[in-house]
Amino acid sequence: MATKYWVGDGGDWSEHAHWSLTSGGVGGETDPASDGSEDAIFDENSFTVAGQAVTLSSANNICKDFDTTAVTNNPTFGPATYATSWQSVGIWGDIKLGTCSFSGFAFEFILSNTDIATTQYIDTNGVQLKGCWLYTGYSYGGPVVLQSDLDLSGGRQENNEVFNGHLQINFSFDTGGYDIKASNVTIEDWAADPMTVEMGDSVVTLIGGDYDASSDIYWRYAEWDYSPTDPALITFDAGTSTIKFVATTGDDVNFISSDNGAAPAYYNVEVNLVGVNQTAYIGGDATFNKIKLTDSGTGNVFMFTAGETYTVSSFEASGLPDDEMVINSTPTGGAITGITVANGGDLFHSGDTVYVYQPGGMATILVSGVVGHAVSAVTVLDSYGCQVANAVDWDMGHHHHLQTGLVLNITAVSAITTTQHILTKSGGTINCYHLELHNSKATGGATWYARSSTDYINNDGWIFAEPSDPYQLDGTVTYSGVYTLGRYSKKYPMVLDLTYPISSNVFAGVEIGAIMVVGNDFYASWKVSDGATATYGVDKIDYTAKYTAASLETRLMTGNRPVFATFKDYILAYTELPTGTGYTLYYSKDYGTTWVEVTLTKDTMRKILEGENMVEATVLQLRLNATVSTNDGPALEKGIVTLI
Amino acid sequence: MADKPGVIEISNFNQGGLSDSKFSGVPHSLYKLVGFDLHTTPGILKVAQKLTKDSGTTVDEFVKCMVVSTNGRTYHFSSTSGKIWERTSAGVWSLVYTTVPAAGTAGCLGAIEYKSYIYWATQSRLHRILASDGLGSAQWTANAAPSWKTFGVTSTAYHPMVVQNQDLYIGDGNYLAQVDTAGTFTADALDITAPYAIKCLGKIGTDVLIGTIIDDNVNKSQIFRWDTYSVSFATSDEIDEVGINAFIPGDNVVYVNAGIRGNIYVYDGEQLQLFMKVPGEYSTTEYGRVHPNAAANFNGRILLGFSKYYI
């Protein structure tokens, strides 16, 4: 058993001239043994100049440790250009990386060890394994442990489309608390042995790749796929991890909580859509600490699986005042028949829509909100019952050229969704804003508010509260929380305000047990009770995030209470308005309960937001809500209302 | 009202704060004001930092006493059981100890660090541990001195604590207990007239202030001022409130929350005078107050933890 050292600059793994028994020694040795007993070392004597590359064009590249920790001149591993066949290396030991690169094209690491009791370690040392497909085990394998962050993003496909790599977890895997970045992660049990997946406090960021028009493929939409053959074999420990989907451009998101049997308990799942017409499919029948949805794009949809239950401790979802976040259930049941194709049309899907593209430029939308890259319920038959397209075809994104006069019947699909998904939380309050809700049931004992939202169709359990007041309670309460009684300096009066609501943003049934100051931090202990059940905690001031529901309300009158006045212009003079922050302004006439939003236009030169609403009233009530972006918030100098 | 013909300005937020009601308040005050920072930059209304839950799922009972220890950790005491949670400087929470007193209930009714010892009180007993020997559960188990001393009255509700003139004072019903610098415990360093019971303790100058309550249905309470060496208190002032709930640490000013309707009094050394009120609507079934340890001074401003109760 020997160690093989790479020598002589760039070349192919299979070339004996590049392997030596000593560092910097004479080449001519065989490449590391196929029984995985020999380390492959790339060190300071391997490459004499920069710009060198190592390819692995044979099908049988194997080593024990893959070690580049001491390498110099930053060599590149993998094919130089797009390759239809993947270059791979089987690792029987550990991956230990130093300053090297991966070309980003078609490269695989396969951690595989017949000694399944031996743990294999991956220490990337910050090296990005661009577009790499990494298997933890293949036909066999032992536990794999990360010793540093794993970044598989940044790869490329044929026409320079982005491919962000794939992590295939087939045997026991421990993230070690390190973060992972990839297009998708799949968890399967390829062996018949029990396996454990431990997530620790890792953040797993899943980033979809680009759309390849030539092959009609989305290169690995952002996906988490938990697909055990035998669910009993996998112990999944979510720890305090976060699975974060970041869907860029036009790709979709797919969270498969479990493809077979009961889903494991997850901790945090976050989905962030930023593009246009994207769909996030979110599987359920699982428990979550938190589900968080954000949408800064246009035309996007968050699809929860119809009939499935999502048990959460926290649920955050808010759109924008002028662009509500759409939450729906996946479609179920039904069929659409009798669609005739004229003059040889073309059947294809794009995103979640199935089209028949008729020659002459007319596209008929057969069904929308139906097909995703991983939906298996769609089959297209012609009128003779012959299959035109099926789930596999949709997955590959193929077009289907159709015969003239063909009549299409789409089975197992309905354009109308009638089955609700179920969001459940025991106790407390959920506040969501600017949603367009479809087929959603909120339950479990918590109070679910959809504020400034649209009750589109078939929703239960949600309270579509009056817009603008996230703190609307039963009308007779005093707000509980941590007040400030203070002033800037002695020349100002002491004033009182409710500066710090507790972390759960609840104002009723709250007791603050104690407040403790520690340096520049303070802690507040609390109890929240509805009289039947109670929750407890200790909050800390968070210097990394602003309060997300800051609000004020005031009353305006002209001095002669019974006399009508006409209020006209509304101006908010700001000093700071960072990206993603802003204000929403509402008014109510004469102590009414209906609030009307004032449309504000931004004037960056004068640093104001202004709107015009002519209102005749004896008294005008104003409500102002502030929108923050993580730790950025707007700053208001004054508000001005003009009268005529 | 309009500031000038045709224009109404809403500004100078730091000079108004919350109004007394929707219909009345000082100039620049606002009816509702939640989650804003009024004072950091005078004249500018910014959004405040949020509170984030730090204790995770570890703390599962109501904490009404917290101690910052010289050992670099903080301690959080359950008010309903003997559980004590420790938070390290790295932010790790753990159940570090469970008090099993020799008698009485186990919920913590007062806690403080004094002369390098962490003291905490349950109904009947005073417990302590040397702070430097209290790092983690193993040390607590080995080094805590549960039931170190026995109270005279054994109040079931309150054992507030304050350090004044180098001694530790602990409320116990109508007794004020003491631990001196030599570690000597005296169960009745001062006694006040029953049925008044000590609910909270404060300081003014070199004197101890004693806030009292009779019970939740009696609208009489007194504040006592004691110089710590005389046989009896120097002054007292009676107010028609259901208890003096908490002393609020101002800058050379003593505020007090009393009663169940959000009243805040200022103490001039002899008498309490109504200063302001936490605005809101109160009723016979909905009331609010500040727990004895739910007030602090943070960077020159008073933090008030205001609790709402249902009956």
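Quick caveat: nothing in here was measured; it's all calculated off a predicted structure.

When you look at the overall build of chain A in this model, what are you seeing that I'm missing?
When its secondary structure is counted, chain A shows one helix and 64 strands. The proportion of buried residues among the 644 residues of chain A is 56%. Residue pairs in contact within chain A that sit at least 24 positions apart in sequence constitute 62% of those at least 6 positions apart. Counting every atom, chain A has about 24600 Å² of accessible surface; 49% of that belongs to carbon and sulfur.

Whenever I open this one, the overall build of chain B confuses me. Can you help?
Each helix and strand counted, chain B has one helix and 27 strands in total. Classification of the 311 residues of chain B by burial places 55% in the buried group. Pairs at least 24 apart in sequence give 40% of the contacts found in chain B among residues at least 6 apart. With the model as given, the accessible surface of chain B reaches about 12200 Å², and the carbon-plus-sulfur share is 48%.

What am I meant to see in the confidence of the model for chain B here?
As a general rule, the predicted coordinates of low-pLDDT regions are not to be interpreted in detail. Mean pLDDT over chain B works out to 93, with 97% of the residues at or above the 70 mark. Across the interface, the model reports ipTM at 0.96; the global pTM reads 0.56.

What exactly am I supposed to notice about the side chain of A:Asn431 here?
Tracing the backbone through its elements, the reader meets A:Asn431 in strand β46 (residues 429-433). Engagement of the side chain of A:Asn431 in a polar contact is seen with the side chain of A:Arg451, the distance being 2.7 Å.

For this particular structure, what's the right way to read the interface of chain A and chain B?
Reports of interface size often rely on the accessible area that becomes lost once the parts have come together. The interface of chain A with chain B comprises 93 residues on the first partner and 83 residues on the second. Across the chain A to chain B interface the summed buried area is about 7800 Å²; carbon plus sulfur atoms make up 64%. Counting every contact that joins chain A to chain B gives two salt bridges. The closest approach of N and O atoms between B:Glu9 and A:Lys638, which form a salt bridge, is 3.1 Å. Summed over the shared surface of chain A and chain B, the number is 40 residue pairs in polar contact (both at pLDDT 80 or more). Sorting elements by how many residues they give to the side of chain A that touches chain B places strand β56 (residues 534-546) of chain A first, with eleven residues.

Help me out: how do you make sense of the nonpolar core in this one?
Taken as a class, soluble globular proteins show a tendency for nonpolar side chains to be buried jointly. Ranked by size, the top nonpolar core spans 82 residues in total, and within it A:Phe42, A:Phe109, A:Trp224, A:Tyr266, A:Leu293 and A:Phe315 carry the most contacts. Excluding residues that lie within four positions of it along the chain, A:Phe109 makes contacts with A:Phe66, A:Val89, A:Ile91, A:Ile95, A:Phe102, A:Leu129, A:Cys132, A:Trp133, A:Leu134 and A:Tyr135.

In this structure, what is going on with empty space enclosed by the protein? I would like to understand it.
Left-over empty space is what a probe sized like a water molecule reveals as it rolls over the atoms. According to the stated counting rule, one finds two cavities of 30 Å³ or more in the structure shown. By volume, the largest cavity amounts to about 120 Å³. Around the largest cavity, the lining is made up of 15 residues, and of these A:Leu572, A:Leu585, A:Leu622, A:Gly639 and B:Ile10 lie nearest the centre. For the lining of the largest cavity, the secondary structure elements donating two or more residues are β57 (551-556), β58 (565-576), β63 (620-627) and β64 (635-643) of chain A. Among the residues making up the lining of the largest cavity, the classes are represented as twelve nonpolar, two polar and one charged.

Please clarify how the sheet that holds strand β15 (residues 167-172) of chain B should be interpreted in this entry.
Strand pairing in a sheet relies on backbone hydrogen bonds. The paired strands run either parallel or antiparallel. Residues and elements named next belong to chain B. Reading across the sheet, the four strands line up as β14-β15-β16-β17 and stay open at both edges, with antiparallel pairing between neighbours. Of all the strands in the sheet, just β14 (161-164) and β17 (185-191) have a single pairing partner and so form its edges. Looking at each pair of strands side by side, their axes are set apart by 30 degrees on average, direction ignored. Here β14 pairs with β15 via four bridges, running antiparallel. If you follow glutamine 164 over to β15, its bridge partner there is aspartate 167.

I'm lost on the side chain of A:Thr499 in this one. Help?
Within the element layout of this structure, A:Thr499 appears in strand β53 (residues 495-500). Among the polar contacts listed, one links the side chain of A:Thr499 to the side chain of A:Asp497, at a separation of 2.6 Å. Contact partners of A:Thr499, with chain neighbours within four places excluded, come to A:Val482, A:Tyr483, A:Thr484, B:Gly35, B:Phe36 and B:Ala48.

Got a minute to help me understand the environment of A:Phe109 in this structure?
Residue and element names in this part refer to chain A. Within the element layout of this structure, phenylalanine 109 appears in strand β12 (residues 107-111). On the accessibility criterion, phenylalanine 109 (0% relative accessible area) is buried. Spatially, the C-alpha atom of phenylalanine 109 lies 7.2 Å from that of cysteine 132, the residues being 23 residues apart in sequence.

Mind showing me how you'd approach the pairing of strand β32 (residues 279-282) of chain A here?
In the case of a regular strand, side chains alternate between the two sheet surfaces. Residues and elements named next belong to chain A. Side chains Thr279 and Tyr281 project from β32 onto one buried face, and the interleaved Ala280 and Ile282 project onto a second face that is buried too. Here strand β30 (residues 253-256) runs beside β32; their pairing, made up of three bridges, is parallel. Looking at the pairing, valine 253 lines up with alanine 280 of β32. One ladder, built from four bridges, connects β32 with strand β34 (residues 301-304); its direction is parallel.

Is there a simple way to think about the sheet that holds strand β10 (residues 95-96) of chain A in this case?
Residues and elements named next belong to chain A. Spatially, ten strands are ordered β3-β1-β4-β7-β10-β13-β15-β20-β23-β28 in an open sheet, and the strand pairing comes out mixed. Two strands close off the open sheet at either side, each with one partner strand: β3 (19-20) and β28 (234-237). Sheet topology places β10 next to strand β13 (residues 120-123); two bridges connect them, and they run parallel. Following the sheet pairing, isoleucine 95 is matched in β13 by isoleucine 122.

Which parts of the structure should I look at to understand the packing of aromatic side chains?
For any two aromatic rings, the description comes down to two numbers: the centre-to-centre distance and the angle of the planes. This structure, assessed with the given rule, holds 54 aromatic pairs over all chains. Considering the side-chain rings of A:Trp448 and A:Trp462, the 5.3 Å spacing of their centres and the 70 degrees angle between planes classify their relative orientation as edge-to-face. Within this pair, whereas A:Trp448 is found in strand β49 (residues 447-451), its partner A:Trp462 is found in strand β51 (residues 462-463), the two being separated by 14 residues in sequence. Since its relative accessible area comes to 0%, A:Trp448 is described here as buried. An aromatic cluster of three or more residues is present, and its members are A:Trp224, A:Tyr226, A:Phe236, A:Phe245, A:Phe255, A:Tyr266, A:Phe288, A:Phe304, A:Tyr310, A:Phe315, A:Trp448 and A:Trp462. Across from the ring centre of A:Tyr449, 3.7 Å away, lies the NZ or CZ of A:Arg451, which sits over that ring. One cation-aromatic arrangement involves B:Lys149 over B:Trp148; the distance from NZ or CZ to the ring centre is 5.2 Å.

Would you take a moment to explain unusual backbone geometry for this structure?
A cis amide bond, omega 10 degrees, links B:Ala194 with the succeeding residue B:Pro195. Examined against the element boundaries, B:Pro195 turns out to sit in the loop between β17 and β18 (197-204). Even without glycine at this site, A:Asn125 takes up a positive phi of about 55 degrees. Note on placement: A:Asn125 falls in the loop between β13 and β14 (133-136).

Sorry if this is basic, but what is going on with the environment of A:Ala617 here?
Residue and element names in this part refer to chain A. By the element assignment, alanine 617 lies in strand β62 (residues 608-617). Sequence separation between alanine 617 and valine 563 is 54 residues; the distance between their C-alpha atoms is 8.1 Å. If near-sequence neighbours (up to four positions away) are discounted, alanine 617 is found in contact with Val563, Phe564, Ala565, Phe567, Lys589 and Asp590.

Where do I start with the pattern of salt bridges in this structure?
Oppositely charged side chains are able to pair whenever their charged atoms sit close together. Tallied over the entire structure, the rule returns 19 salt bridges over all chains. A salt bridge links A:Asp569 to A:Lys568; the shortest N-O distance between them is 3.1 Å. Of the charged contacts in the structure, one is a salt bridge between B:Asp240 and B:Lys220, with a shortest N-O distance of 2.8 Å. Of this pair, B:Asp240 sits in the loop between β21 (235-239) and β22 (244-249) while B:Lys220 sits in the loop between β19 (207-213) and β20 (221-226); the two residues are 20 residues apart in sequence, bridging distant segments of the chain. Overall, B:Asp240 belongs to the exposed group, its relative accessible area being 51%. With relative accessibility at 34%, the residue B:Lys220 sits in the partly exposed group.

In this structure, what is going on with the pairing of strand β31 (residues 268-273) of chain A? I would like to understand it.
Residues and elements named next belong to chain A. With five of its six residues buried, β31 lies for the most part within the structure. Of the strand pairs in this sheet, strand β29 (residues 242-247) and β31 are connected by six bridges, and their pairing is parallel. Within β31, the residue paired with lysine 244 across the bridge is glutamate 270. Bridge analysis of β31 against strand β33 (residues 286-295) gives six bridges, and the strand direction is parallel. Within β33, the position partnered with leucine 273 by the bridge is aspartate 295.

Reading the values: rules and limits
- Residues numbered from 1 in each chain as written.
- Chains lettered and ligands numbered in written order.
- Predicted model: local features only at pLDDT ≥ 70, side-chain atom pairs only at ≥ 80, totals over all residues.
- Heavy atoms only, no water.
- Helix = DSSP H or I, 4+ residues; strand = E, 2+ residues; numbered from the N terminus.
- Buried < 20%, exposed > 50% of the residue type's maximum accessible area, 1.4 Å probe, protein only.
- Contact = heavy atoms within 4.5 Å.
- Areas by Shrake-Rupley, 256 points an atom, 1.4 Å probe, with all protein chains shown as cover.
- pLDDT = per-residue confidence, 0-100.
- Polar contact = N/O pair within 3.5 Å; in protein donor to acceptor, adjacent residues only side chain to side chain.
- Buried area = accessible area lost by both parts, 1.4 Å probe.
- Salt bridge = Lys/Arg side-chain N within 4 Å of Asp/Glu carboxyl O.
- Core = buried A, V, L, I, M, F, W, Y, C linked by side-chain atoms within 4.5 Å.
- 1 Å grid on protein atoms, 1.4 Å probe; cavity = no way out; pocket = protein on both sides within 12 Å on 5 of 7 lines; lining within 4 Å.
- Points joined across faces, edges and corners; volume = space filled by probe spheres on them.
- Nonpolar A, V, L, I, M, F, W, Y, C, P; charged D, E, K, R; others polar.
- Pairing = 2+ DSSP bridges.
- Axes fitted to C-alpha atoms, helices over the stretch in contact; angles between N-to-C directions.
- Phe/Tyr/Trp six-rings, centres within 6.5 Å; stacked < 30°, edge-to-face > 60°.
- Lys NZ or Arg CZ within 6 Å of the ring centre and 35° of its normal.

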